[in-house]
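One letter stands for each residue in the lines below.
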Amino acid sequence: MLGRLAVSCSITRRFGVLFLGGLLALNAACTAPSRGIAPPAAVVEETFDPQSLNDDDFLLKPPAGAETPSVDQTAETAPSVVQLDGYRVQIAVVSSPGRAGIVKGEAETKLGVPVHVYRDPDTGLHKIHAGNGRTATEVESLRHLAKSQGYPEAFIVRTRIELPRAAVYGPDPVFGFRVQVFATSNRAAAVGEMANVRDTLGQDDVYMESEPPYFKVRIGNFRTREAAEGLVERLQTYGYDTPFIVRTQIEASADQTTDN
């Protein structure tokens with residue numbers, strides 16, 4: 001009886017050790033990294049330039065001692081000439097670039113307008129075009145003139161033209177100074193005060209500017225504040241207690257100033 005009991009205990013211990021060893025092996029297998037699905041190693045690009053990201057959130061500081069070029073905020077960047085679709089008068093077609101230059105010079109003298117040479121990339125011929133018109137009607141009189149000046153085959157063509165920026169968009173706004181004497185939310189009252197100011201000062205450069213909800217009566221077209229100060233003193237002699245100078249858009253060319 002005791003022998004059977006000893007054998008049973010021995011078997012139980014062996015199965016316990018085997019079971020515990022199996023659990024430990026299973027746990028090690030679950031926690032160990034898998035070698036079969038390891039991701040490929042990332043390739044490092046050593047020539048990477050962070051500035052090529054074009055990302056507003058990625059800012060680079062200049063190295064110590066580096067100079068940052070200043071930006072001229074007052075420089076005029078708008079071109080003085082604008083290109084757009086329009087019409088010209090074709091007066092001749094020649095094969096030689098030298099001959100094209102001669103025809104161009106002669107035509108500018110005869111017609112009194114800009115003359116352009118256009119080389120057709122398909123044929124290699126040089127076409128001489130005169131004038132710049134936004135519509136065909138604008139260059140119709142030029143076509144008749146060209147015919148009378150020795151270009152009998154002159155005809156109107158649609159092409160790219162060049163015009164002064166002011167001719168396309170109007171003159172650029174000019175900013176200067178005016179003197180304000182009155183402000184009201186009643187338009188009729190502002191119109192009446194404009195008439196009173198014109199009669200009092202004997203001048204026409206009196207304006208009503210709308211800045212909702214107010215209509216403001218302002219005087220003059222001054223390029224400098226100092227020039228406007230003379231009008232302030234003059235207005236005070238006419239009984240205007242609180243005239244003051246404002247910076248605004250004025251009606252004046254680059255070489256014109258209102259002197260009051």
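As a reminder, the structure under discussion sits directly above these lines.
Residues numbered from 1 in each chain as written. Predicted model: local features only at pLDDT ≥ 70, side-chain atom pairs only at ≥ 80, totals over all residues. Heavy atoms only, no water.

### Description of the sheet that holds strand 2 (residues 115–119)
The strand order 2-3-1-4 describes an open sheet built from four strands, whose pairing is antiparallel. Each edge of the sheet is formed by a strand with only one pairing partner; in this case those strands are strand 2 and strand 4 (155–164). Strand-to-strand twist in this sheet, taken as the mean axis angle between neighbours without regard to direction, amounts to 45°. Sheet topology places strand 1 (residues 81–94) next to strand 4; ten bridges connect them, and they run antiparallel. Across the sheet, Val89 pairs through a bridge with Ile156, a residue of strand 4. (Pairing = 2+ DSSP bridges. Helix = DSSP H or I, 4+ residues; strand = E, 2+ residues; numbered from the N terminus. Axes fitted to C-alpha atoms, helices over the stretch in contact; angles between N-to-C directions.)

### Examining the nonpolar core
Grouped burial of nonpolar side chains is what soluble globular proteins tend to show. Judged by nonpolar contacts, the single largest core of 18 residues is most densely connected at Val179, Val181, Val197, Val217, Ile219, Leu231 and Leu235. Not counting residues up to four positions away in its chain, the partners in contact with Val181 are Val197, Val217, Ile219, Leu235, Tyr240 and Pro243. Core analysis: the next-biggest nonpolar cluster, separate from the first, contains 16 residues, Ala92, Val94, Ile128 and Tyr151 among them. (Core = buried A, V, L, I, M, F, W, Y, C linked by side-chain atoms within 4.5 Å. Buried < 20%, exposed > 50% of the residue type's maximum accessible area, 1.4 Å probe, protein only. Contact = heavy atoms within 4.5 Å.)

### Focus on the packing of aromatic side chains
If you walk through the whole model with that rule in mind, you get zero aromatic pairs. The positively charged end of Arg178 is found above the aromatic ring belonging to Tyr207, 3.7 Å away from the centroid. (Phe/Tyr/Trp six-rings, centres within 6.5 Å; stacked < 30°, edge-to-face > 60°. Lys NZ or Arg CZ within 6 Å of the ring centre and 35° of its normal.)

### Details of the pattern of salt bridges
This model, assessed by the stated rule, comprises eight salt bridges. As a salt-bridge pair, Asp120 and Lys127 come within 3.3 Å of each other at their nearest N and O atoms. Among the residues examined, Lys127 registers a relative accessible area of 22% and is labelled partly exposed. Taking the shortest distance from any N to any O, the salt bridge between Arg143 and Glu140 comes out at 2.7 Å. (Salt bridge = Lys/Arg side-chain N within 4 Å of Asp/Glu carboxyl O.)

### Some words on the pairing of strand 6 (residues 206–211)
The pairing of strand 6 with strand 7 (residues 214–222) spans six bridges and is classified as antiparallel. When the sheet's bridge partners are listed, Tyr207 is paired in strand 7 with Arg218. Here strand 6 folds back onto strand 7, and the loop between the two strands holds two residues.

### What about the sheet that holds strand 8 (residues 244–250)?
Paired through their backbone hydrogen bonds, the strands of a sheet run either parallel or antiparallel. With antiparallel pairing, four strands are arranged side by side in an open sheet as 6-7-5-8. For this open sheet the edge positions go to strand 6 and strand 8, each flanked by a neighbour on one side alone. Adjacent strand axes in the sheet meet at a mean angle of 45°, parallel and antiparallel pairs treated alike. Lying over the sheet, helix 6 (residues 225–237) contacts strand 5 (174–184), strand 7 and strand 8, oriented at roughly 25° with respect to strand 5.

### Regarding the environment of Arg88
With respect to the secondary-structure elements, Arg88 resides in strand 1. Here Arg88 falls in the buried class, since its relative accessible area comes to 7%. With 72 residues separating them in the primary sequence, Arg88 and Arg160 have C-alpha atoms 8.5 Å apart. Side chain to side chain, Arg88 and His116 meet in a polar contact 3.3 Å long. (Polar contact = N/O pair within 3.5 Å; in protein donor to acceptor, adjacent residues only side chain to side chain.)

### Topic: the pairing of strand 2
The side chains of a regular strand alternate, first on one face of the sheet and then on the other. Inspection of the sheet shows strand 2 paired to strand 3 (residues 126–133) by five bridges, in the antiparallel sense. Bridging from a neighbouring strand, His116 pairs with His129 of strand 3.

### So, helix 5 (residues 187–201)
Its 15 residues place the ends of helix 5 21 Å apart at the C-alpha level, agreeing with the 21 Å of an ideal helix rising 1.5 Å per residue. Inspection of helix 5 places Ala190, Glu193, Met194, Val197 and Leu201 among the buried residues, and these make up the whole buried set. Angular distribution of buried residues about the axis of helix 5 spans 110°; they occupy a single face of the element. Looking at helix 5, the residues exposed on the side facing more than 90 degrees away from the buried face are Ala188 and Asp199. In this structure, the buried residues of helix 5 make contact with strand 5, strand 6, strand 7 and helix 6. The opening residue of helix 5, the one whose side-chain oxygen lies 2.9 Å from the backbone nitrogen of Ala188, is Asn186. One or two residues past the end of helix 5 sits Gly202, with phi positive at roughly 70°. (Expected span 1.5 Å × (residues − 1). Arc of directions from axis to C-beta.)

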